[in-house]
Amino acid sequence: GAGVSQSPRYKVAKRGQDVALRCDPISGHVSLFWYQQALGQGPEFLTYFQNEAQLDKSGLPSDRFFAERPEGSVSTLKIQRTQQEDSAVYLCASRHYRDQETQYFGPGTRLLVL
Amino acid sequence: TQLLEQSPQFLSIQEGENLTVYCNSSSVFSSLQWYRQEPGEGPVLLVTVVTGGEVKKLKRLTFQFGDARKDSSLHITAAQPGDTGLYLCAGAKGDDKIIFGKGTRLHILP
C-alpha cells in the first residue's frame, strides 16, 4: 500500500525481554517520527529522523530505548529489558519535505509487557 | 508532560446535535492541528491553523485558532455517527516536534 506500515501490529513481551518495532514510511518521505501513546493519552514524541540522521531524541524515556534508520528509509525502535510501564501503542509517522505540516501516521504497534 | 488541555474528555450526544470541543494552553504555538483517531489506527490530520483568529471549515466541522495562538476549538454541526472517534489537538512551536493533547473521545448515538 501507499501508507506508512508498522510491524508487528501486536507484541506481547515478558518483562526483561528486548523488542524491536519496525516502521516502513511512505516512499520518498525524508522525515520520520516515533511516538508513544499510552492508554487514554495522546501521542508523545519520542524521536525524529531526517534521512538517516537522528536529529532529536529528547523524548526517549530512558537509555533502554534506541532508534535507528541506517539507510534513510525503514526505521526500527528497539526497547531493551522491557518494563511494564513500556506497555503502549508505538506510532510511526513520516513527512514529505515539500509539506512540512502533514505527518502521515501508521497504524501503530501495540506492545504489552507482562 | 501534556501542555495542551482538551475538554471535555468524553462526550456522548445524539445524532443531529451540535457540539464544541476545546483545546487550551498557556503556551503560544506557531500552528495548531486537529487530528481524528479511530481504534486500531493512527491519527489522521484534519486541519492546520496558523494565524491567530483563523477559522477553517471542513464540511460540518469548523476550526478556530485563538487570537493569541494559545487555544483552539472544533465545532461540529449536526453530528453524525460517522463523526465518532478520538479528536486530538496538537501544537507546534517552530521546531519539528509537535505536542498532543490527551484528546476528546466523541460518541454520536444514532
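Cut-off values and rules
- Residues numbered from 1 in each chain as written.
- Chains lettered and ligands numbered in written order.
- Predicted model: local features only at pLDDT ≥ 70, side-chain atom pairs only at ≥ 80, totals over all residues.
- Heavy atoms only, no water.
- Helix = DSSP H or I, 4+ residues; strand = E, 2+ residues; numbered from the N terminus.
- Rg over C-alpha atoms; globule rule 2.2 N^0.38 Å.
- Buried < 20%, exposed > 50% of the residue type's maximum accessible area, 1.4 Å probe, protein only.
- Lys, Arg positive; Asp, Glu negative; His and termini not counted.
- Charge placed at Lys NZ, Arg CZ, Asp CG, Glu CD.
- Pairing = 2+ DSSP bridges.
- Axes fitted to C-alpha atoms, helices over the stretch in contact; angles between N-to-C directions.
- Disulfide = S-S within 2.5 Å.
- Contact = heavy atoms within 4.5 Å.
- Buried area = accessible area lost by both parts, 1.4 Å probe.
- Salt bridge = Lys/Arg side-chain N within 4 Å of Asp/Glu carboxyl O.
- Polar contact = N/O pair within 3.5 Å; in protein donor to acceptor, adjacent residues only side chain to side chain.
- Nonpolar A, V, L, I, M, F, W, Y, C, P; charged D, E, K, R; others polar.
- 1 Å grid on protein atoms, 1.4 Å probe; cavity = no way out; pocket = protein on both sides within 12 Å on 5 of 7 lines; lining within 4 Å.
- Points joined across faces, edges and corners; volume = space filled by probe spheres on them.

Enquirer: Explanation requested: the overall build of chain B in the structure shown.
Expert: What chain B contains, in helices and strands, is zero helices and 11 strands. Reading chain B from its N end, one meets helices and strands in the order β-β-β-β-β-β-β-β-β-β-β. In summary, chain B has a C-alpha radius of gyration of 13 Å against a globular reference of 13 Å for 110 residues, a match within 12%. With respect to the three principal axes, the spread of C-alpha positions in chain B is 40 × 30 × 20 Å. Buried residues in chain B amount to 44% of all 110 residues. If you average the places of the 11 positive and of the 11 negative side-chain charges in chain B, the two averages end up 3 Å apart.

Enquirer: So what exactly am I meant to see when it comes to the sheet that holds strand β1 (residues 5–7) of chain B here?
Expert: All names here are of chain B. Pairing within the open sheet is antiparallel, and its five strands lie in the order β1-β3-β8-β7-β6. The sheet is open, and its two borders are formed by β1 and β6 (55–58), each paired with just one other strand. Neighbour-to-neighbour, the strand axes of this sheet turn through a mean angle of 15°, independent of strand direction. Across five bridges, strand β7 (residues 61–65) lies against strand β8 (residues 71–76) in antiparallel orientation. Across the sheet, Phe-63 pairs through a bridge with Leu-74, a residue of β8.

Enquirer: Help me understand the state of the cysteines, please; the structure alone is not making it clear to me.
Expert: Put plainly, two cysteines are in a disulfide when a covalent bond ties their sulfur atoms together. All names here are of chain A. Within this structure, the stated rule accounts for two disulfides over all chains. With a sulfur-sulfur separation of 1.8 Å, Cys-23 is cross-linked through a disulfide to Cys-92. Of note, the bridge from Cys-23 to Cys-92 carries an S-S torsion of about -65° and is left-handed in sense. Taken together, the residues Cys-23 in strand β3 (residues 19–24) and Cys-92 in strand β9 (residues 88–95) connect sequence positions 69 residues apart.

Enquirer: What is the right way to look at the interface of chain B and chain A in this model?
Expert: Note on interface size: it is often stated as the accessible area lost on association of the parts. At the interface, 20 residues of chain B touch 22 residues of chain A. A buried area of about 1500 Å², summed over both sides, lies between chain B and chain A, and 47% of it is on carbon and sulfur atoms. A salt bridge links Asp56(A) to Lys97(B); the nearest nitrogen and oxygen atoms lie 3.7 Å apart. Taken together, the connections running from chain B to chain A amount to five residue pairs in polar contact (both at pLDDT 80 or more). When contributions to the side of chain B that touches chain A are tallied by element, the ones reaching two or more residues are β4 (31–37), β5 (44–49), β9 (85–92) and β10 (98–100) of chain B. Ranked by the residues each element gives to the side of chain B that touches chain A, the list is headed by β4(B), at three residues. By residue class, the composition of the side of chain B that touches chain A is eight nonpolar, eight polar and four charged.

Enquirer: How should the layout of surface pockets be read in this particular structure?
Expert: The method is simple in principle: a probe with the dimensions of a water molecule rolls over the atoms, and the space it marks as empty is what remains. In this model, the largest pocket occupies a volume close to 550 Å³. For the lining of the largest pocket, the secondary-structure elements that each account for two or more residues are β2 (10–13), β9 and β11 (109–113) of chain A together with β9 and β11 (104–109) of chain B. The biggest single contributor to the lining of the largest pocket is β11(A), with four residues. Tallied by class, the residues present in the lining of the largest pocket amount to 12 nonpolar, 11 polar and six charged.

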